[in-house]
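# Structure assessment
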Amino acid sequence: MSQLVSLTRHNNVAVVTIDNPPVNALSPGVPEGIGEAIRSVAQDAAIQAVVIIGGGKTFIAGADIKELEKAAAPGGGSAGPDIHALLQQMEDCPKPVVMAMHGTALGGGLEVAMAGHFRVASPSAQMGQPEVNLGIIPGAEGTQRLPRLVGLAAAVDMCVSGKPVKAPEALSLGLIDKIIEGDLLSGAVEFAREKAGRPMVKTRERPVAAGDIAAILASGRAQANKTRRNQTAPSKVVDALEAAATLPYEEGWKKEREIMKECLASDQARALIHAFFAERAVSKVADIPPETRPYEIRKVAIIGAGTMGGGIAMACANAGIPVVLKDSEQAGLDRGIAAVRRNYESSVKRGRFSQDVMDHRMALIHPQLGYDGFDDADLIVEAVFENMALKREIFAAIDKIAKPDCVLATNTSTLDIDEIAASTSRPQMVTGLHFFSPAHVMRLVEIVRGKASSKEVLATALAIAKKLGKVGVVVGNCRGFVGNRMMIPYMREAQLLAEDGATPWQIDKALYDFGMAMGIFAVDDMGGIDVLYRVRQEAKHLEKPGRRQPLVHDKLYHMGRLGQKTGAGWYKYDENRQATPDPEVEALIENTAREAGIKRRAISDDEIVERCIYTLINEGARILQEGYAQRAADIDVIYLTGYGFPAYRGGPMWYADTIGLKKIYDRICEFRHTAGEWWEPAPLLKKLAEQGGTFAAGTAAGA
Ligand code: 3HC
Ligand code: NAI
């Protein structure tokens, strides 16, 4: 028996345990081990039934994505590991095979489970076909067996959304046969014993409960287009499900395999697989050894109950962490708490959670004006106005109150962490925790490393981000850190494009069609024209004289067109904050360009995308070279989780690699002549382009 799979006997029931930590993926050796166990059980007259169960924290969480990555690589050319024979062998086993699921039975894990004769699960277990998240479809007959168990409509929903269902829903859908309270293994063994010698049905021989096939498939395709814009796999998975409903099983699974092969060979699959591993790699920081012990965070104190402070308090309460939330003014505190309450009420109204959950979370947040309770906080997060003097004053005050091992964090989006840390007697305990707005929703947290921040503090920041369900990325302490530093030239280029002849709405549409969650002008209106205005004012002294600056943005600010909040910015907004293009803005841009002597011309969507996205990439390359991001993949994760970059393009740096750095470098050199001196190629980009390299290979961790 393989070391990854063991076989034990519980009287007349055999128990096959998969032991491939951390998530019991179907790595090489696991399918073979299960096959060997089933063979031996089939021949053993003393055994009357079999239970297959996962060791550790979960059932099989899927195919081994590392193996899929290999198959997806150019030249890989397969549909991934083939376990058809194993599935058939289990289903044909003359003794009942009972799958006992806990944790997550995902992808290939659920596909294995569906080839059993019965399925039982712990109450908290989850099952799903999340393959679309990786740009692929189920490749081990999931699209064929799932509709035979839950019906076509539910199968379409599960495969297109990629969302798992919890055990109670799985039971009502017919995906599992029983929920086992208490010990799963003994419950499953008992269940298997009851089934011994009784009739059993092979899933592949069940009919598909379909109903109106055409309507279900049409609605699945509509769901795919709506929720997974520009992505291929979600509609392809509907094609595979159509095969289940319209073809004999033998043809259906072969069709699925063909589609899987096609998806796996796509740029989208490669990008999404990259995104999966990149998100998990960010927590591994070269000089923070895995054995570094984070401080335990049992209580958080927050200063500033505004937009960010309130959101961070909710993020903590949602994770069950008690919070003291301080503001300097009663009005600020009342506003902050009212916003938190409104947010929770809206979630209760939409059925996200119950009133009880809301009450519990509200009770975890203690609003106050003083520093009571700060002395035993494990983490203090400052989120007051963006003002260095004020932040220094606050850090000097908390330095006197906080316990020695309390982590002191600032949510500043632009200020120098070292200068803030210098106002304390313990700069090693200080870090930036740059949450994004709305902080209870956005997954990204940039963990800004000051020059004195200790390894334990950074490890704590990574741990708390994870605990809050967020992705923490350690970045260096430069102006704008990583995300906003790249955003500034991106926004500037979009504005220059508008002055050169495109309209804001053409630019936004081109970026949206490229896959960005929102166009950049819409983003500016949402964040507030005044916010970017202030950032630009503060950085005025850094501007190189004579270098072209956008002209219209300042005018909008002085006209009081501050974006959504004033009903007008780049766009006009109705009472529901719906944007419409504004001829007044178009005229303003045209007049401004004429006065500045800019010769306007028609600009193609391709040029818009290239100039906007390549400027992001160029700045990303500078950041990498200067060491403010550890690896290209970290920048990708920042843009995927904080800036609405399309995951199926893998992030800006991965996207650059797929386009080819030489091509990008050449285009940037052309833009240098046609679009101005902002287009100085980053030295790292130049070097990698000349070497035929990639950001991924050239800047892998530790490289
Ligand atoms: N293959 C390979 N490695 C995997 C993996 C998989 N399927 N799932 C997780 N891992 C690795 C992670 O990379 C990470 O490795 P690291 O410690 O070296 O960074 C480690 O397992 C732990 O993962 P998480 O940090 O994500 O652990 P969590 O406890 O937070 O989450 C999970 C567990 C819910 C299982 C989550 O890891 C997950 O969603 N995994 C992916 C599940 C999935 O997509 N399955 C389908 C795969 S595709 C497939 O099966 C195709 C089939 O149809 C043929
Ligand atoms: P805000 O203006 O909404 O809230 C600031 C709060 O701080 C107000 O309630 C104010 O009364 C309170 N405050 C001011 N002085 C105080 C003091 N001495 N003690 C206690 N409370 C005090 O500001 P916002 O937007 O929440 O920003 C806070 C910080 O987060 C800033 O540093 C900002 O740059 C940063 N940030 C903001 C983002 C955003 O999108 N709004 C995104 C990421 C970071």
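Note that the structure is predicted; figures quoted are calculated from it, not measured.

## Remarks on the domain arrangement of the protein chain
Here the protein chain is described as being made up of domain 1 (5–265), domain 2 (300–477) and domain 3 (484–691). Inter-centroid distance (C-alpha atoms) of domain 2 to domain 3 is 30 Å. Tallying the contact residues gives 14 residues for domain 2 and 9 residues for domain 3. Roughly 950 Å² is buried in total at the junction of domain 2 and domain 3, and carbon and sulfur atoms are behind 62% of that figure.

## A short note on the site of ligand 2
Close contacts around ligand 2 come from 21 residues, with M308, D327, E386, K391 and S413 the closest. Between ligand 2 and the protein, one listed contact pairs an oxygen atom with a backbone N or O atom of T307 at 3.0 Å. Relative to its unbound accessible area of 840 Å², ligand 2 is 79% covered by the protein chains. Contributions of two or more residues to the shell around ligand 2 are made by helix 13 (307–318), helix 16 (388–401) and strand 15 (430–435). For the shell around ligand 2, the element with the most residues is helix 16, which contributes 3 residues. Grouping the constituent residues of the shell around ligand 2 by class yields 9 nonpolar, 9 polar and 3 charged.

## Here we look at the sheet that holds strand 5 (residues 104–106)
Overall, mixed pairing links the 3 strands, which are arranged 5-7-8 in an open sheet. Taken across any chain shown, the strands that pair with only one partner, and hence form the sheet edges, are strand 5 and strand 8 (165–166). Across 3 bridges, strand 5 lies against strand 7 (residues 126–128) in parallel orientation. In the sheet register, T104 faces strand 7, and the bridge partner there is Q126.

## Thoughts on the pairing of strand 6 (residues 118–121)
Burial of strand 6 is two-sided: the residues F118 and V120 facing one way and the residues R119 and A121 facing the other way are all buried. In terms of strand pairing, strand 4 (residues 97–101) meets strand 6 through 4 bridges, oriented parallel. When the sheet's bridge partners are listed, V98 is paired in strand 6 with F118. With 2 bridges joining them, strand 6 and strand 9 (residues 178–179) adopt parallel strand pairing. Among the inter-strand pairings, V120 is bridged to a residue of strand 9, identified as K178.

## Looking at the packing of helix 19 (residues 483–500) against helix 26 (residues 632–642)
Each packed pair of helices is defined by two parameters, the angle between the axes and the distance between the axes. Axis separation between helix 19 and helix 26 bottoms out at 10 Å; the angle between their running directions is 70°. Judged on the interaxial angle alone, helix 26 and helix 19 are roughly perpendicular. Within the contact between the two elements, helix 19 uses G483, M486 and M487 and helix 26 uses I635, I638 and Y639. Its residues assigned to classes, the contact of helix 19 with helix 26 shows 5 nonpolar, 1 polar and no charged.

## Thoughts on the side chain of Q495
Assignment of secondary structure puts Q495 in helix 19. The residues contacting Q495, other than those within four sequence positions of it, are F521, D524, L532, P550, H553 and W570.

## Here's the deal with the side chain of N477
Structurally, the position occupied by N477 is in the loop between strand 17 (471–475) and helix 19. A polar contact of 3.3 Å, which involves the side chain of N477, links it to the backbone nitrogen of I417. Side-chain polar atoms of N477 contact the side chain of D418, separated by 3.2 Å. Leave out the neighbours within four places in its chain, and N477 touches L415, D416, I417, D418, V448, R449 and Y628.

## Details of a positive patch on the surface
Together, K57, R280, K284 and K466 give the surface a local cluster of positive charge. You can see R280 is positioned in helix 12 (residues 267–281).

## Describing the nonpolar core
Counting residues in each nonpolar core, the largest one holds 91 residues, and the members touching the most others are I380, I507, I613 and F695. The residue makeup of this core includes at least three contributed by each of domain 2 (300–477) and domain 3 (484–691). Ranked by size, the runner-up nonpolar core spans 74 residues in total, among them V5, M158, L217 and L264.

## Details of the site of ligand 1
Looking at ligand 1, there are 25 residues lining it, with G108, E111, E131, R280 and K284 nearest. In the model, an oxygen atom of ligand 1 is placed 2.7 Å from a nitrogen or oxygen of the E111 side chain. One of the backbone nitrogen or oxygen atoms of G139 is found 3.0 Å away from an oxygen atom of ligand 1. Here ligand 1 loses 74% of its free accessible area of 990 Å² to cover by the protein chains. Only helix 2 (65–72), strand 5, helix 4 (108–114) and helix 12 provide two or more residues apiece to the shell around ligand 1. Broken down by element, the shell around ligand 1 gets its largest block of residues, 3 residues, from helix 12. When the residues that make up the shell around ligand 1 are grouped by side-chain class, the tally is 13 nonpolar, 5 polar and 7 charged.

## Comments concerning helix 10 (residues 233–246)
Every α-helix winds through 3.6 residues per turn, so residues three or four apart in the chain are directed the same way. The first and last C-alpha atoms of helix 10 sit 20 Å apart over 14 residues, in line with the 20 Å expected at 1.5 Å per residue. On its buried face, helix 10 sits against helix 5 (142–150), helix 6 (152–161), helix 9 (213–227) and helix 11 (249–264).

## Focus: the packing of aromatic side chains
Inspection of every chain in the model, using the stated rule, returns 13 aromatic pairs. With centroids separated by 5.1 Å and ring planes inclined at 80°, the aromatic side chains of F514 and Y655 adopt a geometry described as edge-to-face. Within this pair, whereas F514 is found in helix 20 (residues 504–514), its partner Y655 is found in helix 27 (residues 652–659), the two being separated by 141 residues in sequence. Note on Y639 and Y643: the rings are 4.4 Å apart at their centroids and 20° apart in plane angle, and the pair reads as stacked. Per residue, the accessibility class of Y639 equals that of Y643, and both read buried. Site record: aromatic cluster; members linked through ring pairs are F436, Y639 and Y643.

## Focus: the packing of helix 20 against helix 21 (residues 520–527)
One can describe the packing of helix 20 onto helix 21 by two numbers: an axis separation of 7 Å at closest approach and a directional angle of 105°. Our classification of the angle between helix 20 and helix 21 gives roughly perpendicular. On helix 21, the residues that touch P504, I507, D508 and L511 of helix 20 are I520, F521 and A522. Residues belonging to the contact of helix 20 with helix 21 are distributed by class as follows: 6 nonpolar, no polar and 1 charged.

Definitions and limits used
- Residues numbered from 1 in each chain as written.
- Chains lettered and ligands numbered in written order.
- Predicted model: local features only at pLDDT ≥ 70, side-chain atom pairs only at ≥ 80, totals over all residues.
- Heavy atoms only, no water.
- Domains from an automatic or database assignment.
- Contact = heavy atoms within 4.5 Å.
- Buried area = accessible area lost by both parts, 1.4 Å probe.
- Near = heavy atom within 4 Å.
- Polar contact = N/O pair within 3.5 Å; in protein donor to acceptor, adjacent residues only side chain to side chain.
- Areas by Shrake-Rupley, 256 points an atom, 1.4 Å probe, with all protein chains shown as cover.
- Helix = DSSP H or I, 4+ residues; strand = E, 2+ residues; numbered from the N terminus.
- Nonpolar A, V, L, I, M, F, W, Y, C, P; charged D, E, K, R; others polar.
- Pairing = 2+ DSSP bridges.
- Buried < 20%, exposed > 50% of the residue type's maximum accessible area, 1.4 Å probe, protein only.
- Axes fitted to C-alpha atoms, helices over the stretch in contact; angles between N-to-C directions.
- Parallel < 35°, antiparallel > 145°, perpendicular 65-115°, else oblique.
- Patch = residues over 30% accessible without salt bridge, like charges linked within 9 Å, V, L, I, M, F, W, Y side chains within 5 Å.
- Salt bridge = Lys/Arg side-chain N within 4 Å of Asp/Glu carboxyl O.
- Lys, Arg positive; Asp, Glu negative; His and termini not counted.
- Charge placed at Lys NZ, Arg CZ, Asp CG, Glu CD.
- Core = buried A, V, L, I, M, F, W, Y, C linked by side-chain atoms within 4.5 Å.
- Expected span 1.5 Å × (residues − 1).
- Phe/Tyr/Trp six-rings, centres within 6.5 Å; stacked < 30°, edge-to-face > 60°.

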